Amino acid sequence: QVQLVESGGGLVQAGGSLRLSCAASGRTFSNYAMGWFRQAPGKERELVAGITSGGATNYADSVKGRFTISRDNAKNTVYLQMNSLKPEDTAVYYCAAELALSRLQKGIGAGWGHGTQVTVSS
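Here the structure is a predicted model, which is why all the values come from computation and not from measurement.

Rules behind the numbers
- Residues numbered from 1 in each chain as written.
- Predicted model: local features only at pLDDT ≥ 70, side-chain atom pairs only at ≥ 80, totals over all residues.
- Heavy atoms only, no water.
- Phe/Tyr/Trp six-rings, centres within 6.5 Å; stacked < 30°, edge-to-face > 60°.
- Helix = DSSP H or I, 4+ residues; strand = E, 2+ residues; numbered from the N terminus.
- Lys NZ or Arg CZ within 6 Å of the ring centre and 35° of its normal.
- Disulfide = S-S within 2.5 Å.
- Buried < 20%, exposed > 50% of the residue type's maximum accessible area, 1.4 Å probe, protein only.
- Pairing = 2+ DSSP bridges.
- Axes fitted to C-alpha atoms, helices over the stretch in contact; angles between N-to-C directions.

Draft legend 1. How the structure looks around the packing of aromatic side chains. Applying the stated criterion across every chain, the model contains one aromatic pair. Taken together, a centroid distance of 4.8 Å and an interplanar angle of 50° make the contact between F37 and W112 tilted. Pair noted here: F37 is in strand β4 (residues 33-39) and W112 is in strand β10 (residues 111-112), with a separation of 75 residues, a long-range link. When the ring centre of F37 is taken as reference, the NZ or CZ atom of R45 above it lies at 5.4 Å. Its end group placed over the ring of F29, R71 keeps NZ or CZ at 4.5 Å from the ring centre.

Given below as structure tokens:
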């Protein structure tokens, strides 16, 4: 199993930026697809960005053009750069790992972090 720890959340004004990090340990990080999910109060968890082991990415429509997912296999870390933040981006953000991005897209993960809170004020 892979262990994941997120960091980088916080309070930011609308239009601002944050970068989330997710450090992995326990398995060969480079073999895993990685995803960033978020869950706002009263809403279902959603996958906002995913990256395959080969570096291909995809994004939810709500964040396209504003968020960028990337990975550094030498550091066993995946990042989520969030720009032009909106109040509706407020949520707890989680990273997850799976051997296939298609499984992350179904909400399946071999490992999950504990989450980091992102709050965007208007």
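Let's pick the thread back up.
Draft legend 2. Region of the structure containing the state of the cysteines. For the structure on display, the rule yields one disulfide. Bridging C22 to C95, the disulfide has an S-S length of 1.9 Å. Classification of the bridge connecting C22 and C95 rests on its S-S torsion, roughly 55°, and on that basis the disulfide is right-handed. Taken together, the residues C22 in strand β3 (residues 18-25) and C95 in strand β9 (residues 91-98) connect sequence positions 73 residues apart. The same class applies to C22 as to C95, namely buried.

Draft legend 3. The arrangement of the sheet that holds strand β7 (residues 67-72) in detail. Overall, antiparallel pairing links the four strands, which are arranged β1-β3-β8-β7 in an open sheet. Of all the strands in the sheet, just β1 (3-7) and β7 have a single pairing partner and so form its edges. The average angle at which neighbouring strand axes cross in this sheet is 15°, direction not considered. Sheet topology places β1 next to β3; five bridges connect them, and they run antiparallel.

Draft legend 4. Region of interest: the pairing of strand β5 (residues 46-51). Among the six residues that make up β5, five are buried, leaving the element largely enclosed by the rest of the structure. Summarising the sheet, β4 and β5 pair through five bridges and their orientation is antiparallel. Across the sheet, R38 pairs through a bridge with E46, a residue of β5. The pairing of β5 with strand β6 (residues 57-59) spans three bridges and is classified as antiparallel. By the bridge assignment, A49 is partnered in β6 with Y59. The hairpin turn running from β5 into β6, its antiparallel successor, is five residues long, and G55 in that turn takes a positive phi close to 100°.

Everything listed here is a matter of geometry and, on its own, says nothing about what the molecule does.
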